[in-house]
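Next come the chains, spelled out residue by residue.
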Amino acid sequence: MRATHADADAARAANLLTGARRLVVFTGAGMSQESGVPTFRDAQTGLWASFNPEELATPEAFRRHPARVFGWYLWRARLVRTVEPHAGYAALVHLSADLESCVVVTQNVDGLHQRAGSSDVIELHGRLDAFRCFDRGHPFDASRLATLGSLPEGDVDPPPCPTCGSPIRPGVVWFGEMLPADAVARANDAVTQCDALLVVGTSGLVYPAAELPWLALDRGAKLIEVNPTPTPFSSRAHVSWRATAATALPALAQALEQRANPQLQP
Ligand code: APR
(Lines give C-alpha, C1' and ligand atoms only; values in the text may rest on other atoms or scores of the structure.)
Protein backbone atom coordinates (compact mmCIF):
# COMPACT_ATOMS: atom_id res chain seq x y z
CA MET A 1 0.00 0.00 0.00
CA ARG A 2 1.23 3.53 -0.84
CA ALA A 3 1.95 5.92 2.05
CA THR A 4 -0.01 9.18 1.85
CA HIS A 5 0.51 12.61 3.42
CA ALA A 6 -2.10 11.68 5.99
CA ASP A 7 -0.17 8.52 6.89
CA ALA A 8 3.00 10.58 7.26
CA ASP A 9 1.26 13.12 9.52
CA ALA A 10 -0.26 10.33 11.59
CA ALA A 11 3.16 8.68 11.93
CA ARG A 12 4.83 11.95 12.97
CA ALA A 13 2.13 12.68 15.53
CA ALA A 14 2.25 9.12 16.85
CA ASN A 15 6.04 9.40 17.10
CA LEU A 16 5.73 12.47 19.27
CA LEU A 17 3.11 10.87 21.48
CA THR A 18 4.97 7.61 21.92
CA GLY A 19 6.38 7.77 25.40
CA ALA A 20 4.11 10.64 26.47
CA ARG A 21 2.32 9.75 29.70
CA ARG A 22 0.22 12.84 30.31
CA LEU A 23 -1.73 14.21 27.40
CA VAL A 24 -3.98 17.23 27.28
CA VAL A 25 -6.39 17.57 24.36
CA PHE A 26 -7.46 21.17 23.83
CA THR A 27 -10.52 21.49 21.60
CA GLY A 28 -12.55 24.21 19.95
CA ALA A 29 -15.57 24.46 17.71
CA GLY A 30 -13.81 22.67 14.81
CA MET A 31 -13.91 19.48 16.89
CA SER A 32 -17.70 19.43 16.65
CA GLN A 33 -18.00 20.67 13.08
CA GLU A 34 -18.23 17.22 11.49
CA SER A 35 -20.92 16.27 13.99
CA GLY A 36 -23.02 19.05 12.50
CA VAL A 37 -22.40 21.83 15.02
CA PRO A 38 -21.32 25.04 13.27
CA THR A 39 -18.06 26.75 14.25
CA PHE A 40 -17.95 30.48 15.04
CA ARG A 41 -15.36 32.06 12.78
CA ASP A 42 -15.21 29.95 9.63
CA ALA A 43 -16.10 32.18 6.68
CA GLN A 44 -19.66 31.53 5.39
CA THR A 45 -20.48 28.62 7.73
CA GLY A 46 -19.39 30.01 11.11
CA LEU A 47 -22.11 31.32 13.42
CA TRP A 48 -20.49 34.75 13.61
CA ALA A 49 -20.80 35.04 9.82
CA SER A 50 -24.61 35.13 10.20
CA PHE A 51 -25.07 36.44 13.73
CA ASN A 52 -23.56 39.37 15.59
CA PRO A 53 -21.87 38.18 18.81
CA GLU A 54 -22.49 41.56 20.43
CA GLU A 55 -26.23 41.05 20.01
CA LEU A 56 -26.23 37.49 21.30
CA ALA A 57 -23.22 36.60 23.41
CA THR A 58 -22.87 39.33 26.03
CA PRO A 59 -24.68 40.08 29.31
CA GLU A 60 -25.68 43.47 27.86
CA ALA A 61 -27.34 41.75 24.90
CA PHE A 62 -29.33 39.54 27.29
CA ARG A 63 -30.44 42.58 29.32
CA ARG A 64 -31.51 44.40 26.16
CA HIS A 65 -33.16 41.51 24.29
CA PRO A 66 -33.67 38.56 26.66
CA ALA A 67 -36.12 36.72 24.38
CA ARG A 68 -33.86 37.03 21.34
CA VAL A 69 -30.80 35.78 23.21
CA PHE A 70 -32.65 33.02 25.08
CA GLY A 71 -34.33 31.83 21.87
CA TRP A 72 -31.01 31.69 20.04
CA TYR A 73 -29.36 29.60 22.75
CA LEU A 74 -32.37 27.27 22.94
CA TRP A 75 -32.04 26.76 19.19
CA ARG A 76 -28.37 25.84 19.66
CA ALA A 77 -29.13 23.59 22.63
CA ARG A 78 -31.77 21.81 20.58
CA LEU A 79 -29.40 21.44 17.62
CA VAL A 80 -26.74 19.87 19.84
CA ARG A 81 -29.25 17.35 21.19
CA THR A 82 -29.91 16.10 17.66
CA VAL A 83 -26.27 15.39 16.71
CA GLU A 84 -23.90 12.56 17.57
CA PRO A 85 -20.20 12.66 18.42
CA HIS A 86 -18.18 11.60 15.35
CA ALA A 87 -15.40 9.02 15.14
CA GLY A 88 -12.76 11.53 16.28
CA TYR A 89 -14.34 11.67 19.73
CA ALA A 90 -14.25 7.90 20.10
CA ALA A 91 -10.62 7.91 18.94
CA LEU A 92 -9.69 10.25 21.79
CA VAL A 93 -11.31 7.88 24.28
CA HIS A 94 -9.49 4.98 22.67
CA LEU A 95 -6.04 6.53 22.71
CA SER A 96 -6.45 7.72 26.31
CA ALA A 97 -6.60 4.12 27.51
CA ASP A 98 -2.80 3.69 27.29
CA LEU A 99 -1.93 6.96 29.03
CA GLU A 100 -1.43 7.86 32.65
CA SER A 101 -3.80 10.77 32.11
CA CYS A 102 -5.70 12.29 29.24
CA VAL A 103 -7.45 15.51 30.14
CA VAL A 104 -9.75 17.11 27.60
CA VAL A 105 -9.89 20.89 27.98
CA THR A 106 -12.64 22.21 25.77
CA GLN A 107 -14.02 25.59 24.79
CA ASN A 108 -17.08 23.82 23.47
CA VAL A 109 -20.41 23.99 25.24
CA ASP A 110 -22.05 20.99 23.58
CA GLY A 111 -21.08 18.12 25.90
CA LEU A 112 -20.06 15.88 22.97
CA HIS A 113 -16.79 14.75 24.60
CA GLN A 114 -18.68 13.37 27.59
CA ARG A 115 -21.33 11.78 25.38
CA ALA A 116 -18.54 9.97 23.51
CA GLY A 117 -17.12 8.62 26.78
CA SER A 118 -14.29 10.99 27.72
CA SER A 119 -14.22 10.98 31.51
CA ASP A 120 -11.84 13.83 32.35
CA VAL A 121 -13.28 16.90 30.63
CA ILE A 122 -12.77 20.51 31.68
CA GLU A 123 -15.30 22.92 30.17
CA LEU A 124 -13.85 26.43 30.02
CA HIS A 125 -16.88 28.12 28.47
CA GLY A 126 -19.71 26.38 30.32
CA ARG A 127 -22.54 24.33 28.89
CA LEU A 128 -25.51 25.07 26.66
CA ASP A 129 -27.78 22.90 28.79
CA ALA A 130 -26.68 24.22 32.19
CA PHE A 131 -29.23 26.96 32.73
CA ARG A 132 -29.13 29.31 35.70
CA CYS A 133 -30.71 32.60 36.70
CA PHE A 134 -29.19 35.82 35.50
CA ASP A 135 -29.03 37.75 38.78
CA ARG A 136 -28.06 35.18 41.38
CA GLY A 137 -26.88 32.14 39.45
CA HIS A 138 -29.47 29.77 40.92
CA PRO A 139 -29.29 26.56 38.88
CA PHE A 140 -32.33 25.82 36.72
CA ASP A 141 -33.18 22.26 35.73
CA ALA A 142 -33.23 22.04 31.90
CA SER A 143 -36.01 19.43 32.10
CA ARG A 144 -38.31 22.26 33.22
CA LEU A 145 -37.97 23.52 29.66
CA ALA A 146 -40.27 20.73 28.59
CA THR A 147 -40.31 21.84 24.98
CA LEU A 148 -36.54 22.11 24.57
CA GLY A 149 -36.57 19.33 21.99
CA SER A 150 -39.22 20.90 19.80
CA LEU A 151 -38.88 24.63 20.17
CA PRO A 152 -39.17 26.63 16.96
CA GLU A 153 -36.47 29.09 15.99
CA GLY A 154 -37.11 32.63 17.13
CA ASP A 155 -37.60 34.65 20.27
CA VAL A 156 -38.47 32.80 23.47
CA ASP A 157 -39.08 34.62 26.75
CA PRO A 158 -36.77 33.23 29.42
CA PRO A 159 -38.75 31.73 32.30
CA PRO A 160 -38.37 33.33 35.75
CA CYS A 161 -36.17 31.68 38.36
CA PRO A 162 -38.43 29.72 40.74
CA THR A 163 -36.33 30.97 43.68
CA CYS A 164 -35.86 34.68 42.95
CA GLY A 165 -37.76 35.54 39.77
CA SER A 166 -34.69 36.63 37.81
CA PRO A 167 -34.72 35.54 34.14
CA ILE A 168 -33.09 32.21 33.28
CA ARG A 169 -30.01 32.36 31.06
CA PRO A 170 -27.84 29.74 29.37
CA GLY A 171 -24.87 28.49 31.40
CA VAL A 172 -22.27 29.56 28.87
CA VAL A 173 -19.52 32.14 29.31
CA TRP A 174 -20.32 35.27 27.37
CA PHE A 175 -17.86 37.85 26.06
CA GLY A 176 -16.85 40.11 28.92
CA GLU A 177 -17.50 37.44 31.58
CA MET A 178 -14.99 35.55 33.68
CA LEU A 179 -14.31 31.90 32.93
CA PRO A 180 -15.18 29.51 35.78
CA ALA A 181 -12.21 29.83 38.14
CA ASP A 182 -12.05 26.14 39.08
CA ALA A 183 -12.03 25.08 35.41
CA VAL A 184 -9.26 27.55 34.60
CA ALA A 185 -7.19 26.38 37.56
CA ARG A 186 -7.59 22.71 36.64
CA ALA A 187 -6.80 23.42 32.98
CA ASN A 188 -3.66 25.35 33.92
CA ASP A 189 -2.55 22.50 36.19
CA ALA A 190 -3.15 19.89 33.51
CA VAL A 191 -1.32 21.89 30.85
CA THR A 192 1.57 22.71 33.17
CA GLN A 193 2.07 19.02 33.91
CA CYS A 194 1.48 17.50 30.47
CA ASP A 195 4.08 15.96 28.17
CA ALA A 196 2.06 16.71 25.07
CA LEU A 197 -0.81 18.93 24.00
CA LEU A 198 -3.07 17.98 21.13
CA VAL A 199 -4.87 21.10 19.86
CA VAL A 200 -7.91 20.34 17.73
CA GLY A 201 -10.19 22.72 15.86
CA THR A 202 -9.65 26.07 17.50
CA SER A 203 -8.77 29.37 15.86
CA GLY A 204 -6.71 30.26 18.94
CA LEU A 205 -8.08 33.78 18.90
CA VAL A 206 -10.14 33.84 22.08
CA TYR A 207 -8.36 34.50 25.35
CA PRO A 208 -7.80 33.46 28.07
CA ALA A 209 -8.41 29.92 26.68
CA ALA A 210 -5.88 30.50 23.88
CA GLU A 211 -3.13 30.99 26.45
CA LEU A 212 -3.04 27.25 27.13
CA PRO A 213 -1.03 26.11 24.07
CA TRP A 214 1.52 28.87 24.69
CA LEU A 215 1.80 27.79 28.32
CA ALA A 216 2.35 24.17 27.23
CA LEU A 217 5.09 25.25 24.81
CA ASP A 218 6.78 27.35 27.50
CA ARG A 219 6.80 24.29 29.74
CA GLY A 220 8.48 22.19 27.06
CA ALA A 221 5.48 20.07 26.06
CA LYS A 222 5.18 18.74 22.52
CA LEU A 223 2.43 20.41 20.52
CA ILE A 224 0.40 18.68 17.84
CA GLU A 225 -2.21 20.72 16.00
CA VAL A 226 -5.09 19.31 13.97
CA ASN A 227 -6.79 21.98 11.89
CA PRO A 228 -7.52 22.31 8.16
CA THR A 229 -6.34 25.95 8.25
CA PRO A 230 -3.31 27.59 9.88
CA THR A 231 -3.66 29.26 13.28
CA PRO A 232 -1.34 31.33 15.49
CA PHE A 233 -0.05 28.02 16.94
CA SER A 234 0.84 26.40 13.62
CA SER A 235 4.36 27.75 13.23
CA ARG A 236 5.31 26.66 16.76
CA ALA A 237 3.61 23.26 16.64
CA HIS A 238 5.89 20.21 16.46
CA VAL A 239 3.34 18.67 14.12
CA SER A 240 0.87 20.90 12.29
CA TRP A 241 -1.58 18.50 10.71
CA ARG A 242 -3.84 20.01 8.03
CA ALA A 243 -6.79 17.70 8.42
CA THR A 244 -10.16 17.56 10.06
CA ALA A 245 -10.82 16.08 13.47
CA ALA A 246 -12.92 13.15 12.23
CA THR A 247 -10.12 12.16 9.81
CA ALA A 248 -7.00 12.84 11.83
CA LEU A 249 -7.93 11.55 15.28
CA PRO A 250 -8.94 8.01 14.23
CA ALA A 251 -5.76 7.86 12.08
CA LEU A 252 -3.71 8.95 15.09
CA ALA A 253 -5.31 6.38 17.38
CA GLN A 254 -4.66 3.69 14.79
CA ALA A 255 -1.03 4.73 14.31
CA LEU A 256 -0.47 4.65 18.07
CA GLU A 257 -2.05 1.22 18.31
CA GLN A 258 0.17 -0.10 15.53
CA ARG A 259 3.23 1.20 17.37
CA ALA A 260 2.12 -0.50 20.55
CA ASN A 261 1.29 -3.75 18.69
CA PRO A 262 3.61 -4.04 15.67
CA GLN A 263 2.04 -7.39 14.80
CA LEU A 264 -1.04 -5.35 13.71
CA GLN A 265 0.96 -3.71 10.85
CA PRO A 266 -1.03 -3.87 7.61
N1 APR B 1 -11.79 19.75 12.12
C2 APR B 1 -10.83 20.48 12.76
N3 APR B 1 -10.82 21.83 12.75
C4 APR B 1 -11.79 22.47 12.08
C5 APR B 1 -12.80 21.79 11.38
C6 APR B 1 -12.78 20.37 11.42
N7 APR B 1 -13.71 19.63 10.81
N8 APR B 1 -13.61 22.70 10.81
C9 APR B 1 -13.15 23.92 11.15
N10 APR B 1 -12.03 23.78 11.91
C11 APR B 1 -11.21 24.84 12.52
C12 APR B 1 -11.19 26.14 11.79
O13 APR B 1 -10.17 26.15 10.80
C14 APR B 1 -10.91 27.13 12.94
O15 APR B 1 -9.52 27.28 13.14
O16 APR B 1 -11.80 25.10 13.78
C17 APR B 1 -11.51 26.44 14.15
C18 APR B 1 -12.80 27.06 14.66
O19 APR B 1 -12.51 28.34 15.15
P20 APR B 1 -13.62 29.22 15.89
O21 APR B 1 -14.87 29.20 15.10
O22 APR B 1 -13.01 30.53 16.20
O23 APR B 1 -13.93 28.37 17.23
P24 APR B 1 -13.15 28.40 18.61
O25 APR B 1 -11.70 28.55 18.43
O26 APR B 1 -13.64 27.23 19.38
O27 APR B 1 -13.73 29.72 19.27
C28 APR B 1 -13.39 30.04 20.59
O29 APR B 1 -15.01 31.81 20.59
O30 APR B 1 -17.10 32.72 20.10
C31 APR B 1 -16.32 32.09 21.03
O32 APR B 1 -17.13 31.07 22.95
C33 APR B 1 -16.90 30.81 21.59
O34 APR B 1 -15.73 28.91 22.51
C35 APR B 1 -15.80 29.80 21.40
C36 APR B 1 -14.56 30.67 21.29
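The preceding data block contains the structure.
Please read all numbers here as calculations on a predicted model, not as lab measurements. (Residues numbered from 1 in each chain as written. Predicted model: local features only at pLDDT ≥ 70, side-chain atom pairs only at ≥ 80, totals over all residues. Heavy atoms only, no water.)

Student: Any chance you could explain helix α7 (residues 87-96) here in plain terms?
Tutor: In an α-helix there are 3.6 residues to a turn, and that puts residues three or four apart on one side. Residues Gly88, Tyr89, Ala91, Leu92 and Leu95 constitute the buried set of α7. An end-on view of α7 places all buried positions within 160° of arc, on one side of the element. (Buried < 20%, exposed > 50% of the residue type's maximum accessible area, 1.4 Å probe, protein only. Helix = DSSP H or I, 4+ residues; strand = E, 2+ residues; numbered from the N terminus. Arc of directions from axis to C-beta.)

Student: Is there a simple way to think about the sheet that holds strand β1 (residues 22-27) in this case?
Tutor: Consider a sheet: its strands pair through backbone hydrogen bonds, and that pairing is either parallel or antiparallel. Taken in spatial order, the six strands line up as β3-β2-β1-β7-β8-β9 in an open sheet, and their pairing is parallel. Looking at the sheet topology across the chains shown, the edges are occupied by β3 (121-123) and β9 (239-241). Each adjacent strand pair in this sheet contributes to an overall mean axis angle of 15°, direction not counted. The pairing of strand β7 (residues 196-200) with strand β8 (residues 222-226) spans five bridges and is classified as parallel. Within the sheet, the bridge partner assigned to Leu198 lies in β8 and is Ile224. (Pairing = 2+ DSSP bridges. Axes fitted to C-alpha atoms, helices over the stretch in contact; angles between N-to-C directions.)

Student: How should I be thinking about the site of the ligand in this particular structure?
Tutor: Neighbouring the ligand are 22 residues; Arg41, Thr202, Ser203, Asn227 and Thr229 lie closest to it. At 2.7 Å from an oxygen atom of the ligand is found a main-chain nitrogen or oxygen belonging to Arg41. Measuring from an oxygen atom of the ligand, one finds a backbone N or O atom of Gly201 at 3.2 Å. About the coverage of the ligand: the protein hides 94% of its 730 Å² of free accessible area. No other element matches the three residues that helix α2 (residues 29-33) contributes to the shell around the ligand. In terms of residue class, the shell around the ligand is built from seven nonpolar, twelve polar and three charged. (Near = heavy atom within 4 Å. Polar contact = N/O pair within 3.5 Å; in protein donor to acceptor, adjacent residues only side chain to side chain. Areas by Shrake-Rupley, 256 points an atom, 1.4 Å probe, with all protein chains shown as cover. Nonpolar A, V, L, I, M, F, W, Y, C, P; charged D, E, K, R; others polar.)

Student: Please explain the pattern of salt bridges as it appears in this structure.
Tutor: Opposite charge on two side chains permits pairing when their charged atoms draw close. This model, assessed by the stated rule, comprises seven salt bridges. Residue Arg12 pairs with Asp9 through a salt bridge whose shortest N-O separation is 3.5 Å. You can see Arg12 and its partner Asp9 sitting in helix α1 (residues 5-17), three residues apart, about one turn around the helix. Two residues, Asp195 and Arg22, come together in a salt bridge whose shortest N-O distance is 3.4 Å. Note that Asp195 is positioned in the loop between α9 (181-193) and β7 and Arg22 in strand β1, a separation of 173 residues in sequence. We classify Asp195 as partly exposed; its relative accessible area is 24%. Taking relative accessible area as the criterion, Arg22 reaches 31% and is therefore assigned partly exposed. One connected set of salt bridges, linked through shared partners, spans Glu123, Arg127 and Asp129. (Salt bridge = Lys/Arg side-chain N within 4 Å of Asp/Glu carboxyl O.)

Student: Mind showing me how you'd approach the sheet that holds strand β6 (residues 168-172) here?
Tutor: If you trace the three strands from one edge of the open sheet to the other, you get β5-β4-β6, paired in antiparallel fashion. With one partner strand each, in any of the chains shown, β5 (139-140) and β6 form the two edges of the open sheet. Each of β4 (126-133) and β6 touches helix α6 (residues 66-82); the most contacted strand, β4, lies at about 140° to it. (Contact = heavy atoms within 4.5 Å.)

Student: Looking at this structure, how should I read unusual backbone geometry?
Tutor: Excluding glycine, residues mostly carry a negative phi; peptide bonds, for their part, are mostly trans. In this structure, Pro208 follows Tyr207 across a cis peptide bond, with omega equal to 10°. Following the sequence through the fold, Pro208 ends up in the loop between β7 and α10 (211-218). Even without glycine at this site, Gln44 takes up a positive phi of about 70°. Structurally, the position occupied by Gln44 is in the loop between α2 and α3 (47-50).

Student: Mind showing me how you'd approach the packing of α9 against α10 here?
Tutor: A pair of packed helices is captured by two measures, namely the crossing angle of their axes and the spacing between those axes. Relative orientation of the contacting elements α9 and α10 amounts to 30°, with a least axis distance of 8 Å. When you trace α9 past α10, the crossing you get is right-handed. The segment α9 lies against α10, with Ala187, Asn188, Val191 and Thr192 engaging Leu212, Leu215 and Ala216. Here the residues of the contact of α9 with α10 are counted per class, giving five nonpolar, two polar and no charged. (Left-handed = near helix turned anticlockwise from the far one by under 90°.)

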